[in-house]
Amino acid sequence: MDGRQGRDAAGIGGTRADGLAGRPGLGGRAGRSGPSRRAGRGAVPSRRLSAAARRATTVFQAAGAQVPPGGTRPRMCRWPLLLLCGLLPGAAAGGSGRPFPHRTLLDSEGKYWLSWGPRGGRLAFRLEVRTGGYVGFGFSPTGTMAAADIVVGGVLRGRPYLQDYFTNANRELKKDVQQDYHLEYAMENSTHTIIEFTRELHTCDINDKSITESTVRVIWAYHHEDVGESGPKYHESSRGTKSLRLLNPEKTNVLSTAVPYFDLVNQDVPIPNKGTTYWCQMFKIPTLQEKHHVVKVKPVIQRGHESLVHHILLYQCSSNFSDSVLDHGHECYHPNMPDAFLTCETVIFAWAIGGEGFSYPPHVGLSLGTPLDPHYVLLEVHYDNPTYKEGLLDNSGLRLFHTTDIRKYDAGVIEAGLWVSLFHTIPPGLPDFRSEGHCTLECLEEALEVEKPSGIHVFAVLLHAHLAGRGIRLRHFRKGEEMRLLAYDDDFDFNFQEFQYLKEERTILPGDNLITECRYNTKDRARMTWGGLSTRNEMCLSYLLYYPRINLTRCASIPDIMEQLQFIGVKEIYRPVTTWPFIIKSPKQYKNLSFMDAMNKFKWTKKEGLAFNKIVLNLPVNVRCSKTDNAEWSIQGMTALPPDIERPYKEEPLMCGASSTSLRGSVSLELLLCFMVLGGTLSTASL
């Protein structure tokens, strides 16, 4: 298992055993290749109004009555409205004119663009595809055709169509009885097809996928021919998949092109022909004469290495160095790693595969240029090379945009969750195993009472795990009561990890608890999975971006290993511990085995795994509570118990189609207004 989807086994249309989304969609670096702005079939240009107006009734009826060959009539929503409004002076021929705050390229050739954004209680989508045939789009639990929710649309002989489909577990494409995608705009010209439509977040249709704040695996396809009597034809290689977070809040602050930046980028790093490499390189922050704020951080990934560079961490290091530490990089966590690297403990930024650039909120920035700020930083790059390619040289890193226009608050980062160690254990053969990392009330109370008794404010979170990870939740507790989830991703994708902007900032007070809860699937593994650095090992971490900055960099825990070993029957280990992993003394069946070998020797069944999971979640934990420069709060190393949750948080039930009535009402009003404006324009034109 290497975390990447292979070719699927069924297709939209045809009999080939391939999928709408068989291979991963590459983010690509192709330039924008948007549609021609000339009006095409299905949309009426605003010029020559009187001629267009004489045809208005014909266009309205055609748009309203048109169905795909052999299909059912799509529900009319805003299509007639947009056709009529398209006749008005100044109407945009290339779209409905409504804003779409998010936009991304789905393919590697610049042919398929997706835009999306909220529209009342619904989500609106815009597909711009270089084709004169049908366009397919959908949601899939795995990024393949199995059990997918799909919509297919296009413009056939000047008339738009949109059809709701789904596939079963056998990847068979079927029309959905409940049509939940509502057409708003459609256009086709000599090069492109554009479709705009909306959908409820939760339709209560068993064939549809609910859209939540978790990762969504969108699938896409297109064909040069429109849908025919027998349905969509097989799309060949014109398909793919991409993981997105569709409900990420809008980014309101647009960065000026004049903002200066500097790069922290590796130079020709040789990537070994092994699965996992962590490479560390120290950099000196450019000398600044006054305080600056970093307002945006953007990944700089070498072309073609998008899947090689898995994640990047940027650490603040001690300031007591000479520039000699900058001479060369070194493999991280290696016995011969330079001592200077060991002082770099404070994470100041994190990026992971699939993520884009991160912009700080308008009132927050990452401080540079003062005595408390980093002078030297360590760039840690995790390279994932599962096919053991040889001869690779990498030049990837980060770009930091900065300004002297100082914002109100300095940003900080707290690493919370499970301390990365072999004491994080996950048995094999389990479809759902849960681990918890605790940012304990003892740590938060001590640090916040000294640094900021009124609390800190979290504005973004990055959730991090490896290949076995299936879901991560950052839970928040206060005085025995569980608050609303701070962040979550119930459909975690190893290949898509980025900071989630919180819809509302969340305050962390002294005495609060945070639990990073991770779900894993090890059904395909025959041996134990351990906490560690390799992608075949596991992590369970949350990176919290917050303000104002305080002297707390890590708030984590380590579960007790001896009580875990007691579960498999271990009675005694050799003391003092002189080897690592340490050696077991008794009972006889484990004598002279390392604790790792003993855990692998144990006969794990699903029943045993579930019982072990229950025990692990209630074990005492060792507290990790760190300051900058390798300093520690006094609570570090002490033992704490998991919180006693008196009142668990109860999630509100999902509401289906709540916005449908109000949407129809607003459409009717807009349609009436459009008729009135159109009527006035026609009267003026006839004078």
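What counts and what doesn't
Residues numbered from 1 in each chain as written. Predicted model: local features only at pLDDT ≥ 70, side-chain atom pairs only at ≥ 80, totals over all residues. Heavy atoms only, no water. Helix = DSSP H or I, 4+ residues; strand = E, 2+ residues; numbered from the N terminus. Buried < 20%, exposed > 50% of the residue type's maximum accessible area, 1.4 Å probe, protein only. Contact = heavy atoms within 4.5 Å. pLDDT = per-residue confidence, 0-100. Arc of directions from axis to C-beta. Salt bridge = Lys/Arg side-chain N within 4 Å of Asp/Glu carboxyl O. Core = buried A, V, L, I, M, F, W, Y, C linked by side-chain atoms within 4.5 Å. 1 Å grid on protein atoms, 1.4 Å probe; cavity = no way out; pocket = protein on both sides within 12 Å on 5 of 7 lines; lining within 4 Å. Points joined across faces, edges and corners; volume = space filled by probe spheres on them. Pairing = 2+ DSSP bridges. Phe/Tyr/Trp six-rings, centres within 6.5 Å; stacked < 30°, edge-to-face > 60°. Lys NZ or Arg CZ within 6 Å of the ring centre and 35° of its normal. Axes fitted to C-alpha atoms, helices over the stretch in contact; angles between N-to-C directions. Disulfide = S-S within 2.5 Å.

Remarks on the environment of Asp 268
- Following the sequence through the fold, Asp 268 ends up in the loop between β12 (261-265) and β13 (269-271).
- We classify Asp 268 as partly exposed; its relative accessible area is 47%.
- Linking Asp 268 and Asp 394, residues 126 residues apart in sequence, is a C-alpha distance of 5.1 Å.
- Setting aside chain neighbours within four positions, we find Asp 268 in contact with Leu 393, Asp 394 and Asn 395.

Examining the confidence of the model for the protein
- On average, residues of the protein score 82 in pLDDT, and 80% of them reach the 70 mark or higher.
- Confidence over residues 658-687 falls short of pLDDT 50; this stretch has 30 contacts with residues more than four positions distant or in other chains.

A look at helix α4 (residues 441-451)
- Among all positions of α4, only Cys 443, Leu 444, Ala 447 and Leu 448 are buried. The buried residues of α4 occupy one face: seen down the axis, they fall within an arc of 100°.

What to know about the pattern of salt bridges
- Under the defined criterion, the tally for this structure stands at 29 salt bridges.
- Arg 549 is the partner of Asp 410 in a salt bridge, and the nearest nitrogen-oxygen pair spans 3.8 Å. Taken together, the residues Asp 410 in strand β24 (residues 409-410) and Arg 549 in the loop between β35 (541-547) and β36 (554-559) connect sequence positions 139 residues apart.
- Between Glu 482 and Arg 475 there is a salt bridge; the shortest N-O distance is 2.8 Å. You'll find Glu 482 and Arg 475 in the same group, each marked buried.
- Among the charged side chains, a network of salt bridges with common partners joins Arg 434, Glu 436, Arg 475, Glu 482 and Glu 517.

Focus: the nonpolar core
- By size, the foremost hydrophobic cluster in this structure holds 64 residues, and its most contacted members are Val 461, Leu 552, Ile 568 and Phe 595.
- Leu 552 has contacts with Val 413, Ile 414, Cys 443, Leu 444, Ala 447, Tyr 546, Cys 625, Ser 626 and Trp 633, leaving out every residue within four places of it along the chain.
- Counting residues in each nonpolar core, the second largest holds 58 residues, with Trp 279, Ile 301, Ala 350 and Val 364 among its members.

Let's talk about empty space enclosed by the protein
- Applying the stated rule across the entire model yields four cavities of 30 Å³ or more.
- Approximately 130 Å³ is the volume attributed to the largest cavity.
- If you go around the largest cavity, you meet 16 residues; those closest to its centre are Leu 418, Glu 436, Pro 559, Val 616 and Leu 617.
- Sorting the residues of the lining of the largest cavity by element identifies β27 (433-439) and β36 as the ones contributing at least two each.

With respect to the pairing of strand β11 (residues 239-244)
- With respect to burial, β11 is a largely interior element, six of its six residues being buried.
- With burial as the criterion, each face of β11 is covered, one bearing Arg 239, Thr 241 and Ser 243 and the other bearing Gly 240, Lys 242 and Leu 244.
- Here strand β10 (residues 216-222) runs beside β11; their pairing, made up of six bridges, is antiparallel. Bridged to Val 216 within β11 is Leu 244.

Remarks on the packing of aromatic side chains
- In the structure shown here, the tally under the stated rule is 31 aromatic pairs.
- Aromatic pair Trp 220 and Tyr 222: ring centres 6.3 Å apart, planes at 10°, arrangement stacked. This pair shows no difference in class: Trp 220 is buried, exactly as Tyr 222 is.
- Ring geometry for Trp 580 and Phe 582: centres 6.1 Å apart, planes at 65°, overall edge-to-face.
- A cation over an aromatic ring shows up here: Lys 296 above the ring of Phe 401, its NZ or CZ 5.9 Å from the ring centre.

Details of the sheet that holds strand β8 (residues 182-188)
- Pairing is antiparallel across the open sheet formed by five strands, whose spatial order is β1-β2-β3-β9-β8. The strands lining the two open edges of the sheet, one partner per strand, are β1 (102-105) and β8. Neighbour-to-neighbour, the strand axes of this sheet turn through a mean angle of 15°, independent of strand direction.
- Relative to strand β2 (residues 112-119), β1 runs antiparallel, the two being bridged by four bridges. Residue pairing for β2: His 102 is matched across the bridge by Trp 116.

Structural notes on the pairing of strand β18 (residues 346-352)
- Most of β18 is tucked away: seven of the seven residues are buried.
- Note that strand β16 (residues 309-316) and β18 share six bridges and pair antiparallel. Bridging from a neighbouring strand, Gln 316 pairs with Thr 346 of β18.

Considerations on the state of the cysteines
- Under the criterion given, the structure shown has five disulfides.
- Here Cys 317 is linked by a disulfide to Cys 344, with a sulfur-sulfur distance of 2.0 Å. Across the S-S bond of Cys 317 and Cys 344 the torsion is about 105°, and the bridge reads as right-handed. Of this pair, Cys 317 sits in the loop between β16 and β17 (330-331) while Cys 344 sits in the loop between β17 and β18, placing them 27 residues apart in sequence.
- With a relative accessible area of 5%, Cys 344 lands in the buried category.
- In this model Cys 518 forms its disulfide with Cys 540; the gap between the sulfur atoms is 2.1 Å. One quick way to see it: the torsion about the S-S bond of Cys 518 and Cys 540 is about 95°, and its sign makes the bridge right-handed. Placement of Cys 518 in strand β33 (residues 513-520) and of Cys 540 in the loop between β34 (529-530) and β35 is noted, with a sequence separation of 22 residues between them.
- When its relative accessible area of 0% is taken as the criterion, Cys 518 is described as buried.
- Among the residues examined, Cys 540 registers a relative accessible area of 1% and is labelled buried.

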